[in-house]
Amino acid sequence: MRQYEGLFILDTVETTESVDDIIKSIRALIDEVGGKVTNEQKLDRRGFARITDKKNSGGFYVSLIFDMEPDALTGFKATLAKRKDVFRVQITLALNVTA
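Now for a description of the structure that goes with this document.

Reading guide: rules and limits
- Residues numbered from 1 in each chain as written.
- Predicted model: local features only at pLDDT ≥ 70, side-chain atom pairs only at ≥ 80, totals over all residues.
- Heavy atoms only, no water.
- Salt bridge = Lys/Arg side-chain N within 4 Å of Asp/Glu carboxyl O.
- Helix = DSSP H or I, 4+ residues; strand = E, 2+ residues; numbered from the N terminus.
- Buried < 20%, exposed > 50% of the residue type's maximum accessible area, 1.4 Å probe, protein only.
- Core = buried A, V, L, I, M, F, W, Y, C linked by side-chain atoms within 4.5 Å.
- Contact = heavy atoms within 4.5 Å.

Looking at the pattern of salt bridges
Where charged atoms from two side chains of opposite charge approach closely, those side chains can pair.
So, step 1. Applying the stated rule across the entire model yields three salt bridges.
So, step 2. Notably, a salt bridge pairs Arg 27 with Glu 40, separated by 2.6 Å at the nearest N-O pair. In this pair, Arg 27 sits in helix 1 (residues 19-32) while Glu 40 sits in strand 2 (residues 36-47), placing the two residues 13 residues apart along the sequence.
So, step 3. On the accessibility criterion, Arg 27 (29% relative accessible area) is partly exposed.
So, step 4. The salt bridge partner of Arg 83 is Asp 85, with a shortest N-O separation of 2.8 Å.

Here is the structure:
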């Protein structure tokens, strides 16, 4: 397994779900593919520097650090791309910092 950091921008404009419910469903997707969330950080709602769609002037940012098999990552990203409540996702390898 590898450790990844995912930055998720959630679109709460066109959904009736709360931010916490959306986060729970993303965590459930990670669990479904055999992954495990090790850290969650809610970064609050922020406006976009460049607005491409007037409906979405900003989004709710969430950072998740999770362990997942590299083979499962492609399917996870494809599932996220189909969701209307996830506006953007950036997933990178997490840095293992030791003091």
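From this point, the narrative continues.
With respect to the nonpolar core
So, step 1. Leu 10, Ile 26, Ile 30, Leu 64, Phe 66, Met 68 and Phe 76 are the most contacted members of the largest nonpolar core, which has 21 residues in total.
So, step 2. Taken together, the elements giving at least two residues each to this core come down to strand 1 (2-10), helix 1, strand 3 (58-68), helix 2 (70-81) and strand 4 (86-93).
So, step 3. Considering each element in turn, this core owes the most residues, six residues, to helix 1.
So, step 4. Setting aside anything within four residues of it in sequence, one finds Ile 26 in contact with Phe 8, Leu 10, Leu 64, Phe 76, Leu 80 and Val 86.

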